[in-house]
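Listed here are the chains, written in short residue letters.
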Amino acid sequence: MKKRVSCGVLALMLMTAAVPAWSQVTIVAPRVIGTAPWIDALQADIDAAIADFEQDIDAEIGQYYDLPLLAQGLSDAGATATHIGTQRSFIDYQRFAVVIGAGVAASLYTTDPAIIREITDQVEEGDLYAGAALQPIVASFGFRPRFISDRLYANVKIGYADVADGVIADGVTYNALSVGLLANYRLIESRATRVGFLRWRGLSVGTGVMYQRNELSLDLDFDQVTETVQGGGSPEFEMTVEPVITARITSDAIVVPLEATTGLRLLWLLDVNVGGGVDLSFGNSEITLGIESPVTLDGDTTDVEVIPGSASVDAGTKGDGPELVRPRLTAGLGLNLGPVKIDFPLMYYFDKEGNSLMAGVNVGLVF
């Protein structure tokens, strides 16, 4: 297989029980025009070769027609990415918090680094549980609705990305949107510990609703497919198509998180937070494959005019959403630099088909 897309980009593609896949290969045969006595016989041979030609194309790309595990991985990764731009380490401000975040989420069937490095090759062989979602920028605004409770912290967030063809690689575009409304309640206020430089940050519980959509489109070049045709004493011709697949991968998810978080503060400089919870996730994913490639006829065209044909493939897999109930662990390390905070959040999910991970960075201003 010839690939215009780098391993890193294909790994992004790897960014649910699925309903059956669909696939349809359609070949429009090249037409030959001329006065040679073998023209009709040559055309008949071309038409007769179409069935074999379709089978050859199926053999070249058929492993991508049915990808239910990949559809599952894409949905789970998209649902995980809803948490990018979290404010877990910021729940101690007086009035407002403005946070800018970025991050990536991945779902994989293994945590073995040696195997992860080979996932690009593995997905070329067929279906596996893998997915990724990227959110390069999320803006989050936190506030304290004191008219409800002095212990309540709320935040709204929105993230958007639109990456044009050629920025990541030739033939690749990416689009993402995330929005959310969240609330945290300080169930137990922070307290000093017996060790003077450590402070327990209490216990917070949180919930809300978040939405994430991802759309990735990329082109993949495949080895050419060729059939030899000849009829009625005509010269031999090579009927050829060099497929270029356009893969479009979309996922969207609505997530309702239920979580509890606690942590420690060291000398008002370092924050460490840990927690756990469960996400209730809803959504879907879809992988569609299409080919729009000419079918050419190569050979001695002295006595014949050739009108190229075409090959088109409509194939893909539909998923019906991420796993419904997704338990997880959370952690984070934060730096307090006066009103400026820097936070590095992590999340780890225990999914049915494997595990999902989110990693990010947040920079905020609190006052």
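Quick caveat: nothing in here was measured; it's all calculated off a predicted structure. (Residues numbered from 1 in each chain as written. Predicted model: local features only at pLDDT ≥ 70, side-chain atom pairs only at ≥ 80, totals over all residues. Heavy atoms only, no water.)

Engineer: Just checking my understanding: could you explain the overall build of the protein for this structure?
Structural biologist: Helices and strands together make up the secondary structure of the protein, namely 5 helices and 17 strands. Radius of gyration (C-alpha) of the protein: 27 Å, far over the 21 Å computed for a compact globule of 367 residues. With respect to the three principal axes, the spread of C-alpha positions in the protein is 100 × 40 × 35 Å. For the protein, buried positions account for 47% of its 367 residues. Carbon together with sulfur atoms contributes 60% to the accessible area of the protein, which is approximately 16200 Å² in total. Separation between the mean location of the 24 positive side-chain charges and that of the 46 negative ones in the protein comes to 28 Å. (Helix = DSSP H or I, 4+ residues; strand = E, 2+ residues; numbered from the N terminus. Rg over C-alpha atoms; globule rule 2.2 N^0.38 Å. Buried < 20%, exposed > 50% of the residue type's maximum accessible area, 1.4 Å probe, protein only. Areas by Shrake-Rupley, 256 points an atom, 1.4 Å probe, with all protein chains shown as cover. Lys, Arg positive; Asp, Glu negative; His and termini not counted. Charge placed at Lys NZ, Arg CZ, Asp CG, Glu CD.)

Engineer: What am I meant to see in the packing of aromatic side chains here?
Structural biologist: Counting across every chain of the model gives 5 aromatic pairs. Judged by centre distance (6.2 Å) and plane angle (25°), the ring pair of phenylalanine 141 and phenylalanine 143 falls under stacked. An aromatic cluster of three or more residues is present, and its members are Phe96, Phe141, Phe143 and Phe367. Here arginine 326 stacks its cationic end above the ring of tyrosine 349, 4.0 Å away from the centre of that ring. (Phe/Tyr/Trp six-rings, centres within 6.5 Å; stacked < 30°, edge-to-face > 60°. Lys NZ or Arg CZ within 6 Å of the ring centre and 35° of its normal.)

Engineer: Looking at this structure, I do not really get the pairing of strand β6 (residues 172-188). What am I missing?
Structural biologist: Remark: a regular strand shows side chains that alternate across the two faces of the sheet. In this structure, strand β5 (residues 152-163) lies alongside β6, joined through 12 bridges in antiparallel fashion. Across the sheet, valine 156 pairs through a bridge with leucine 181, a residue of β6. Where β6 meets strand β8 (residues 198-221), 16 bridges bridge the pair, whose relative direction is antiparallel. Following the sheet pairing, alanine 183 is matched in β8 by threonine 207. (Pairing = 2+ DSSP bridges.)

Engineer: What is the right way to look at helix α3 (residues 68-80) in this model?
Structural biologist: Since the α-helix advances by 3.6 residues per turn, residues separated by three or four positions end up pointing in the same direction. End to end, α3 covers 18 Å across 13 residues, agreeing with the expected 18 Å (1.5 Å per residue, within 8%). Across the 13 residues of α3, 11 count as buried, placing the element largely inside the fold. Inspection of α3 places Leu70, Ala71, Gln72, Gly73, Leu74, Ser75, Asp76, Ala77, Gly78, Ala79 and Thr80 among the buried residues, and these make up the whole buried set. (Expected span 1.5 Å × (residues − 1).)

Engineer: Please clarify how helix α2 (residues 39-61) should be interpreted in this entry.
Structural biologist: Taking 1.5 Å as the rise per residue, α2 with 23 residues should run 33 Å; its terminal C-alpha atoms sit 32 Å apart, in good agreement. For α2, the set of buried residues is Ile39, Leu42, Gln43, Ile46, Ala49, Ile50, Phe53, Ile57 and Ile61.

Engineer: Whenever I open this one, the pattern of salt bridges confuses me. Can you help?
Structural biologist: It is possible for side chains bearing opposite charge to pair when their charged atoms get close. Here the structure, examined in full by the defined rule, presents 13 salt bridges. Note that aspartate 150 is salt-bridged to arginine 144, the shortest N-O span being 3.5 Å. With a relative accessible area of 44%, aspartate 150 lands in the partly exposed category. Measuring nitrogen to oxygen at the nearest pair gives 2.4 Å for the salt bridge that ties aspartate 150 to arginine 146. In the salt-bridge network here, residues are joined through shared partners; they are Arg88, Glu259, Asp279 and Arg328. (Salt bridge = Lys/Arg side-chain N within 4 Å of Asp/Glu carboxyl O.)

Engineer: Honestly, the side chain of aspartate 76 in this entry has me stumped. Any pointers?
Structural biologist: Structurally, aspartate 76 is set in helix α3. For the buried aspartate 76, no salt bridge exists, and the shortest N-O distance to an oppositely charged side chain is 4.1 Å, to arginine 326.

Engineer: I keep staring at the confidence of the model for the protein and nothing clicks. Help me out?
Structural biologist: Should pLDDT be low for a region, the predicted coordinates there are not to be read in detail. Scored by pLDDT, the protein comes out at a mean of 85, with 90% of its residues at no less than 70. No element of the protein has a lower mean pLDDT than helix α1 (residues 7-13), at 38, and none a higher one than strand β16 (residues 340-350), at 95. Here residues 1-22 scores under 50 on pLDDT; set against residues more than four positions off or in separate chains, the count is 85 contacts. (pLDDT = per-residue confidence, 0-100. Contact = heavy atoms within 4.5 Å.)

Engineer: What should I look at first to understand the environment of isoleucine 46 in this one?
Structural biologist: Within the secondary structure layout, isoleucine 46 lies in helix α2. C-alpha of isoleucine 46 to C-alpha of glycine 309: the two residues are 263 residues apart in sequence and 11 Å apart in space. Excluding its chain neighbours within four sequence positions, the residues that come into contact with isoleucine 46 are Ala29, Pro30, Val32, Val229, Met239 and Leu297.

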